[in-house]
Amino acid sequence: MRIHLGSDHAGFALKERVKAYMQAEGHAVTDVGTFDEGSVDYPVYAHAVARAVADGEADFGVLVCGTGLGMAIAANKVRGVRAAQATSPEFARMARLHNDANVVALAGRYTDAATAESILDAFLGTAFEGGRHQRRVDMMDAIGHDETEGE
Ligand code: RB5
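Residues numbered from 1 in each chain as written. Predicted model: local features only at pLDDT ≥ 70, side-chain atom pairs only at ≥ 80, totals over all residues. Heavy atoms only, no water.

Caption draft 1: Just the site of the ligand, in detail. What surrounds the ligand is the set D8, H9, A10, Y42, C65, G66, T67, G70 and R109. One of the side-chain nitrogen or oxygen atoms of D8 is found 2.6 Å away from an oxygen atom of the ligand. A distance of 3.3 Å separates an oxygen atom of the ligand from a polar side-chain atom of R109. Relative to its unbound accessible area of 300 Å², the ligand is 72% covered by the protein chains. (Near = heavy atom within 4 Å. Polar contact = N/O pair within 3.5 Å; in protein donor to acceptor, adjacent residues only side chain to side chain. Areas by Shrake-Rupley, 256 points an atom, 1.4 Å probe, with all protein chains shown as cover.)

So, in C-alpha cells, the structure goes:
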C-alpha cells in the first residue's frame, strides 16, 4: 500500500520505528517529516499527510505525535479524511470496520514499538464493513460541507 507518514518531535522516534516496520512489510512509505527531535508544530505534518490521502496520492496516512490527539484533530480538518487516534489494535480495527478511517494517529509518548506494529497490522489489515456503516460515514463526511445551519 502507499502510505504517507508524518510526525512531530514527540512522535519522531516512534515514526522511525514504524517506518522501518511498514517498509519491511512491503509498503511504499512516503515520510513527510519531521526528521529530527527539534521542536516543530504537528499541524504542519498532519496537513501534509491528510492532503495526500484526500488527493488519492496515498491509500492511508499514519501520523505520530505525543498523544496522537493533535494529529487526529488537525487531519480531520481536511475533507475526506477520517483520522482516528488509536492506542490499541482493537480500536484500530474498529476504526476501519465501522468508521472507514483512512488515517491512524499514534501516541509516541504512550505507545511502544511492538504495540504500534500491532496497531498498524490491525489498521492496514482490516477492511471497512460497509452496509449500515456506509450511511453513517457519508453523514460524517457531509458535516460542514452541505449544512444548512443558520437558514
Ligand atoms: C508536543 O509537546 C505535543 O503537544 C504533541 O506532540 C501532541 O501530543 C499534541 O497533540
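Caption draft 2: Region of the structure containing unusual backbone geometry. Cis geometry marks the peptide bond from G33 to T34, where omega comes out at 5°. Position of T34 relative to the elements: it lies in the loop between β2 (28-31) and α2 (42-54). A positive phi is found at D100, a non-glycine position, where the angle reads about 50°. Turning to its location among the elements, D100 is positioned in the loop between α4 (89-97) and β5 (103-107). (Helix = DSSP H or I, 4+ residues; strand = E, 2+ residues; numbered from the N terminus.)

Caption draft 3: Representation of the nonpolar core. One finds L14, V18, M22, V62, V104, L106 and F123 to be the most contacted residues of the largest nonpolar core, which totals 23 residues. Mapped onto this core, the elements with two or more residues apiece are β1 (2-7), α1 (12-24), β3 (60-65), α4, β5 and α5 (113-124). Top contributing element to this core by residue count: α5, with seven residues. For M22, the residues in contact, after removing those within four places along its chain, are I3, L5, H27, V29, V62, L120 and L124. (Core = buried A, V, L, I, M, F, W, Y, C linked by side-chain atoms within 4.5 Å. Buried < 20%, exposed > 50% of the residue type's maximum accessible area, 1.4 Å probe, protein only. Contact = heavy atoms within 4.5 Å.)

Caption draft 4: Structural view of the packing of aromatic side chains. One pass over the structure, following the stated rule, counts one aromatic pair. Ring centres of F60 and F123 lie 5.5 Å apart, and the angle between their planes is 75°; on these two criteria the pair is classed as edge-to-face. In this pair, F60 is assigned in strand β3 and F123 in helix α5, connecting sequence segments 63 residues apart. Of the two residues, F60 and F123, both sit in the buried class. Over the ring of F123 we find R96, and its NZ or CZ is 6.0 Å from the ring centre. (Phe/Tyr/Trp six-rings, centres within 6.5 Å; stacked < 30°, edge-to-face > 60°. Lys NZ or Arg CZ within 6 Å of the ring centre and 35° of its normal.)

Caption draft 5: Structural detail: the environment of T30. On the secondary structure map, T30 appears in strand β2. Judged by its relative accessible area of 37%, T30 is partly exposed. When the C-alpha atoms of T30 and R2 are compared, they prove to be 7.7 Å apart, with 28 residues separating the residues in sequence. Dropping the residues within four chain positions of it, T30 is found in contact with I3, H4 and L5.

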